[in-house]
Amino acid sequence: SDPKAVFEISASDATSGIDRYEIQIDGTLVDTLVGDGKKHYETGILEPGTHMVTITAFDKAENFVSKEITLEVESILPPEITEYPEVLASGEVVVVKGETYPDAKVTLWIGKNSRSVESHIVSSNERGNFTLELPQGLSRGSYILWGEVVDSRGAVSDASETLSFKVSWPSL
């Protein structure tokens, strides 16, 4: 879903006229639009989840009226990791490949445990394919791997399926 919302805002006050519109998202003031008449407003990029938008119109006498709107921003599909090493030797080049949206930023997380996780950011090409190469390899141990993606609009995915692989001693 689109990570931004667009609003047409209008209010009228025959006595003093509209002074400004205040826009709050999730209780935080994010913008003030000054002046009377119809206004166009586009939010910044919103994270997936439910958001409460409150638009308040103030007249020049500081009287006001508010309208609340609930927005639901859905996450996009996570990247699909199509190739990864299930077993490899310590120091061997690690190659991870996958598919996602065209021209997107993919964050791949690799870690031995939940306290020792490193992120690696790669871009997908115009067909949505991506590749991560770690030429220095990894040390011996059991690893987990998963990914997340941000598309060209700024929409964010949930995490992909968590995969596991092992790095063993190098062969002699």
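Everything below is about the structure printed above this text.
Here is a short report on the structure shown in this document. For clarity, every value in this text was computed on a predicted model and none was experimentally measured.

Within the element layout of this structure, glutamate 118 appears in strand S11 (residues 117-123). Spatially, the C-alpha atoms of glutamate 118 and lysine 105 are 16 Å apart, while their sequence positions differ by 13 residues. Filtering out sequence-adjacent residues up to four positions away, glutamate 118 remains in contact with Leu108, Trp109 and Ile110.

Before going further, it helps to examine the nonpolar core. In this structure, Val96, Leu108, Ile110, Leu132, Leu138, Leu145 and Phe165 are the most contacted members of the largest nonpolar core, which totals 21 residues. Elements supplying a minimum of two residues to this core: strand S9 (94-99), strand S10 (105-111), strand S12 (129-134), strand S13 (141-150) and strand S14 (163-168). With near-sequence residues (within four places) excluded, leucine 145 lies in contact with Ile81, Tyr84, Val96, Leu108, Trp109, Ile110, Glu161, Thr162, Leu163 and Phe165. Counting residues in each nonpolar core, the second largest holds 15 residues, with Ile18, Tyr41, Leu46 and Leu71 among its members.

What follows concerns the pairing of S14. In S14, alternate side chains face the same way, and those of Leu163, Phe165 and Val167 are buried while those of Ser164, Lys166 and Ser168 on the opposite face are not. Of the pairings in the sheet, the one linking strand S8 (residues 87-89) to S14 comprises three bridges and is parallel in character. If you follow valine 87 over to S14, its bridge partner there is lysine 166. Of the pairings in the sheet, the one linking S13 to S14 comprises five bridges and is antiparallel in character. Among the inter-strand pairings, glycine 141 is bridged to a residue of S14, identified as valine 167.

Once that is clear, we can look at the sheet that holds strand S7 (residues 80-83). Strand order in the open sheet formed by three strands is S7-S9-S12, with antiparallel pairing between adjacent strands. Looking along the sheet, the strands with just one partner apiece sit at the ends: S7 and S12. The mean angle between the axes of side-by-side strands here comes to 30°, regardless of whether they run parallel or antiparallel. As defined by bridge partners, S9 adjoins S12 across six bridges and the pair is classed as antiparallel. Among the inter-strand pairings, glutamate 99 is bridged to a residue of S12, identified as asparagine 129.

In this structure, arginine 20 sits in strand S2 (residues 18-25). On the accessibility criterion, arginine 20 (15% relative accessible area) is buried. In terms of polar contacts, arginine 20 uses its side chain to reach the side chain of aspartate 19, at 3.0 Å. The residues contacting arginine 20, other than those within four sequence positions of it, are Thr32, Leu33, Val34, Gly35, Thr56, Ala57, Phe58 and Glu62.

How each quantity is defined
- Residues numbered from 1 in each chain as written.
- Predicted model: local features only at pLDDT ≥ 70, side-chain atom pairs only at ≥ 80, totals over all residues.
- Heavy atoms only, no water.
- Helix = DSSP H or I, 4+ residues; strand = E, 2+ residues; numbered from the N terminus.
- Contact = heavy atoms within 4.5 Å.
- Core = buried A, V, L, I, M, F, W, Y, C linked by side-chain atoms within 4.5 Å.
- Buried < 20%, exposed > 50% of the residue type's maximum accessible area, 1.4 Å probe, protein only.
- Pairing = 2+ DSSP bridges.
- Axes fitted to C-alpha atoms, helices over the stretch in contact; angles between N-to-C directions.
- Polar contact = N/O pair within 3.5 Å; in protein donor to acceptor, adjacent residues only side chain to side chain.

Purely spatial values, then, with no claim about function.
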